[in-house]
Amino acid sequence: EEITAHSSNVSSLVLGKSSGRLLVTGGDDCRVNIWAVNKPNCIMSLTGHTTPIESLQINTNEELIVAGSQSGSIRVWDLGAAKILRTLLGHKASICSLDFHPFGSFVASGSLDTNIKLWDVRRKGCVFRYKGHSEAVRCLRFSPDGKWLASAADDHTVKLWDLAAGKIMFEFTGHTGPVNIVEFHPNEYLLASGSSDRTVRFWDLEKFQVVSCIEEQATPVRCVLFNPDGCCLYGGFQDSLRVYGWEPERCFDMVLVNWGKVADLSICNSQLIGVSPAQSTVSSFVVDLSRVTKSDSVPCGLIRDNEPLVPPTPTGSSLRRIYDRPSTSCSKPQR
């Protein structure tokens, strides 16, 4: 499906992750437009910004939208009421990344000014500023338990921040190019990052070390998404969707998809949806995940060529701890 989303270039776009059917686009025309995936007509157009929209995010229950502009201003809209809830000012340059906290009414923003800010949407103010990156912050993600924030930047690093202590827990180095995307595993203490250096790296959040690195001689890694049950990671490249495992690193499957600069992925009813912008249009693509190999489960007696037989890797909780642990008293994080 292809839609003409704006009167000028589409500068950012994001998919709703719970329904997988909500698409929000931002344009150089300073508008934020809302769509249902695969439907040609715009549901709602939100105005208020005066410079191009550079970053967008939808909250978990798809009731709020936050948009950051080239000038550094951030606006939060209530979708039900179709009105601006908050205007958040404080960044000195273009907003490159946004994320909603999974439970609280907090938004994190990352900017070309290298700062990360945590905002309380109800109280309108900046709660905290995290300084540490030396270049633009391209992606922000809260952990599933809401205790940490991961940031990826053009300075080739991924940083993990402790929200309660207000300080950095660890800096992951190893990428040799700008890091475009970072994503938490849905259950385990594991983080994935994708970079313009054409690699996907997996980081252990207990031992603070690299688990594995997938090196594809393809194109920059634009977006990654864990399968909801955490069994594999999907990587969006210029011309393909790749399905990865990380212990050990391997590619389970590859689907040729000519989606170009794929900007976001979401999953809905065993369908993976990808969206990509091209000038004023947005294209959406669907991959049937029921036909995609997601693990090493090879039928008995079938041995793949050139592959030694290895005992199956233990999955899930036997490898590393999982998020939904009982909350303990706040302790200072160890470097």
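Attention in this report is confined to the structure presented alongside it. The model shown is predicted, which means the values in this text are computed figures rather than measured ones.

### Quick notes on the side chain of Gln57
Now for step 1: For Gln57, the position within the fold is in strand 6 (residues 53–58).
Now for step 2: Polar side-chain contacts of Gln57 include one of 3.2 Å to the backbone oxygen of Leu98.
Now for step 3: Setting aside residues no more than four positions away along its own chain, Gln57 makes contact with Val14, Leu64, Ile65, Val66, Leu98, Asp99, Phe100 and Arg141.

### Overview of the sheet that holds strand 24 (residues 240–246)
Now for step 1: Reading across the sheet, the four strands line up as 22-23-24-25 and stay open at both edges, with antiparallel pairing between neighbours. Sheet topology places strand 22 (223–226) and strand 25 (249–256) at the edges, where each strand pairs with a single neighbour. Taking the axes of each pair of neighbouring strands and ignoring which way they run, one obtains an average angle of 25° across the sheet.
Now for step 2: Pairing between strand 23 (residues 233–236) and strand 24: four bridges, direction antiparallel. Within the sheet, the bridge partner assigned to Tyr234 lies in strand 24 and is Val243.

### With respect to the packing of aromatic side chains
Now for step 1: Under the criterion given, the structure shown has 11 aromatic pairs.
Now for step 2: Their ring planes at 40° and their centres at 4.9 Å tell us that Phe172 and Trp203 sit as a pair that is tilted. In this pair, Phe172 is assigned in strand 17 (residues 167–172) and Trp203 in strand 20 (residues 199–204), connecting sequence segments 31 residues apart.
Now for step 3: According to the relative accessible area criterion, Phe172 is buried, its value standing at 1%.
Now for step 4: Taken together, Phe170, Phe172, Trp203 and Phe208 form an aromatic cluster joined through their ring pairs.
Now for step 5: Against the face of Phe237 rests Arg242, its NZ or CZ located 5.2 Å from the ring centre.

### Re unusual backbone geometry
Now for step 1: Of the consecutive residues Glu247 and Pro248, the connecting peptide bond is found in the cis state with omega at -5°.
Now for step 2: Counting through the fold element by element, Pro248 comes out in the loop between strand 24 and strand 25.
Now for step 3: Positive phi is not limited to glycine here, since Thr114 has a value of about 75°.
Now for step 4: Secondary-structure assignment places Thr114 in the loop between strand 11 (106–111) and strand 12 (116–120).

### Thoughts on the environment of Ser143
Now for step 1: Of note, Ser143 is situated in the loop between strand 14 (137–142) and strand 15 (148–153).
Now for step 2: Assessed through its relative accessible area of 0%, Ser143 is described here as buried.
Now for step 3: Sequence spacing of Ser143 and Leu191 is 48 residues, and the spatial spacing of their C-alpha atoms is 9.2 Å.
Now for step 4: What Ser143 contacts, discounting residues up to four positions off in sequence, is Pro102, Trp148, Phe184 and Tyr323.

Definitions and limits used
- Residues numbered from 1 in each chain as written.
- Predicted model: local features only at pLDDT ≥ 70, side-chain atom pairs only at ≥ 80, totals over all residues.
- Heavy atoms only, no water.
- Helix = DSSP H or I, 4+ residues; strand = E, 2+ residues; numbered from the N terminus.
- Polar contact = N/O pair within 3.5 Å; in protein donor to acceptor, adjacent residues only side chain to side chain.
- Contact = heavy atoms within 4.5 Å.
- Pairing = 2+ DSSP bridges.
- Axes fitted to C-alpha atoms, helices over the stretch in contact; angles between N-to-C directions.
- Phe/Tyr/Trp six-rings, centres within 6.5 Å; stacked < 30°, edge-to-face > 60°.
- Buried < 20%, exposed > 50% of the residue type's maximum accessible area, 1.4 Å probe, protein only.
- Lys NZ or Arg CZ within 6 Å of the ring centre and 35° of its normal.

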